[in-house]
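Chains, contacts and geometry: an overview
Residues per chain are reported as follows:
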Amino acid sequence: MEEVDVEPVITNIPAASHGKHLGFAWGPGDILLFETLYKASGSAGSGCAFIHEVRKDEDIYSPILRKLFNESHHIFVGLQTIREDLPSKNKKPQFVSISKNYRSVIRACMEELQQVAVSTKDAQVAMQYGNQVSILLAIELIWNLCEVLFIDAAPAGSLLLHLLDWVRLHKADVDEKARDVLQSESPAEHHDYWDVVMSYVLQGRLDEARQMLMKQANLQPAARNIYKLMDTLLSKMPFYNPGGNQTLTEFDVKWRHWHEEVDRCLQDSSFASNKHLEIICKILVGDEDTLLAHKDLLSTWYHFLVTRLLFCHPTVKPTELHYYAQSCLTMFLDSRSVPEPLDSILLAAFEFDIHQVIKDCSLWQLAVDYFDNCPEFGRVYLELQIERVPLDTERKALKVLRICEQRQMSEQVRSICKVMAMRALRNNRLGSALSWSIRAKDAAFATLISERFLQDYCARGTFSDLDLIDNLGPAMLLSDRLTFLGKYREFHKLYGEKRFGEAAKLLLSLMTAKIAPRSFWMTLLTDALPLLEQKEVIFSANQTYELMFCLEELTSTLDISTPGGDRPMQEEDLELTKVELLRLALARNLAMAIVKEGTVET
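Residues numbered from 1 in each chain as written. Predicted model: local features only at pLDDT ≥ 70, side-chain atom pairs only at ≥ 80, totals over all residues. Heavy atoms only, no water.

**Observations regarding the packing of aromatic side chains**
One pass over the full model with this rule turns up 15 aromatic pairs. With 5.3 Å between their ring centres and 40° between their planes, W166 and Y302 make a pair best called tilted. Residue W166 is found in helix α4 (residues 158–169), and its partner Y302 is found in helix α13 (residues 301–312); the two are separated by 136 residues along the sequence. Residues W166 and Y302 agree in their burial class; the two are buried. Ring geometry for Y495 and F500: centres 5.4 Å apart, planes at 55°, overall tilted. By relative accessible area, Y495 is classed as partly exposed at 29%. Residue classification places F500 among the buried residues on the basis of a relative accessible area of 17%. Cluster of aromatic residues (ring-pair linked, three or more members): W166, W301, Y302 and F350. Lying across the ring of F332, K295 places its NZ or CZ 5.2 Å from the centre. (Phe/Tyr/Trp six-rings, centres within 6.5 Å; stacked < 30°, edge-to-face > 60°. Helix = DSSP H or I, 4+ residues; strand = E, 2+ residues; numbered from the N terminus. Buried < 20%, exposed > 50% of the residue type's maximum accessible area, 1.4 Å probe, protein only. Lys NZ or Arg CZ within 6 Å of the ring centre and 35° of its normal.)

**Considering the confidence of the model for the protein**
When the pLDDT values of the protein are averaged, the result is 80; 83% of them are 70 or greater. Note on residues 1–19: pLDDT under 50 across the span, and 27 contacts to partners over four residues away in sequence or across chains. Every residue in residues 38–48 scores below 50 in pLDDT, and together they form ten contacts with partners more than four places removed in sequence or on other chains. (pLDDT = per-residue confidence, 0-100. Contact = heavy atoms within 4.5 Å.)

**Examining a nonpolar patch on the surface**
A surface patch of nonpolar side chains, amounting to about 270 Å² of accessible area, comprises F377, V380 and Y381. Within the secondary structure, V380 is located in helix α18 (residues 378–388). (Patch = residues over 30% accessible without salt bridge, like charges linked within 9 Å, V, L, I, M, F, W, Y side chains within 5 Å. Areas by Shrake-Rupley, 256 points an atom, 1.4 Å probe, with all protein chains shown as cover. Salt bridge = Lys/Arg side-chain N within 4 Å of Asp/Glu carboxyl O.)

**Topic: the pattern of salt bridges**
In total, this model carries 26 salt bridges according to the counting rule given. Residues E383 and R379 are paired through a salt bridge, measuring 3.3 Å at the closest nitrogen-oxygen approach. With E383 and R379 both in helix α18 and four residues apart, the pair spans about one turn of that helix. Overlapping salt bridges, with partners in common, bring together K100, R103, R107, E140 and E147 in one network.

Structural data, given as structure tokens:
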């Protein structure tokens, strides 16, 4: 729903040839494009082969999604009314409540979309709504995790409890399976029975797992003792209580004693006679191979992460999450698998890189408006966010640039312009590179690009990007080299318009005022040759003397006047020929100018 930032694909529409034309008709919000064929006589030809339907973006017009946009906007407006004078610790419960409101609106929208998708008879519409549900599921999953890590900012102990709730909320298929099992004639013999038990254990829902296991124990009186032992282990597993009197250290000691007891049962082969109970025992001690053997029940690497933390590191600190998250992602995914975008976003959240989270999943232009409404740190976060927006195209760069210019973010403006100028230069797009360097007010880079323009002119004899150079205006004063480029182009325009007197005066001033680089003097003197050879005297005697002085000054500093220099013989001969031609032309012009000026005086 964001305006597309990639460059559009060019579509060639053929002109009316061979009797072919393009026709279109407006539909209810859509356009039908079709090819029409006409014979020479004007009668209609055969029917067209293809009809193309051009459709608008329907997501933004969906009544259900519009309700989501409106309700979330209402929550945002309400958020701005929170009293600024309240201490941050008093605001935290309000922020958590507001975050939950956002998520409830998203989930309500998901449920409504799901109902429409199920009830519709149109397969394409059902798929469209299904895709929207998938997107909103991912949004709510990310938002919930960010709420735990950034808004609620749960400390060690409480953190795991929140992560367990997060996983349970987004892994609800076990409840559907459990209903099927419990509603069957013999739940303990149902084919999904052990999957439900294992899923309960993997999610830390141990009371529900115990209730399920009792049904199996009732069917096997002979094995009642080992089921009772398992029930004892499950019931004794400690969970941290943030509101209780127990400290985190005391909880950790109690948990370790329980863990050692479970490990002893495993070492004693207490459950060797029942493979299912033995697997549960291995899960309780956090055996990685056993956990990974249940990928189908875990389904995601982040569920594996939370389960691993539950049975191995229940007092994990927020600062340690990134290590466990990365290792779980690596262990869970196949070595040939590539993480999905959602995986990267969640991993960035576990690394507490909120800017990367925003960059990877949000409409970055909308994020700007939200940052604008954060009075304390909004501008700082916006500056950091802007630096992370990928400048994929010039169009997107211009959007980011406008945002920065509107907010007087001068450092970011210069940075964006420099990045785009360098990219354009690497792609040999000199006009674009010069435009960006001027916008950045980068004199050094403008000088570099101006040199490239002049080198290209020497190699090809023509300028590229004439429109830009012709309209430099005051920008040419950014650097001496850019000034010379603009003025040299102006000389060519005057010459092309046959305003030879003005062209000659400008050419001479470029050398005498030291605007032109010394390396370019020979090119300027060569440009003077056609003016010197005109039938009408263009350069006055004084101007000719100045040109002679420039030529002699140039030849005295170069090695072309003496044979045996460092350059190839062919190049040296060419330069010597140019010098001789210039001397002859200057001498002839001087004589004509003296005669003309003497005649005028008499």
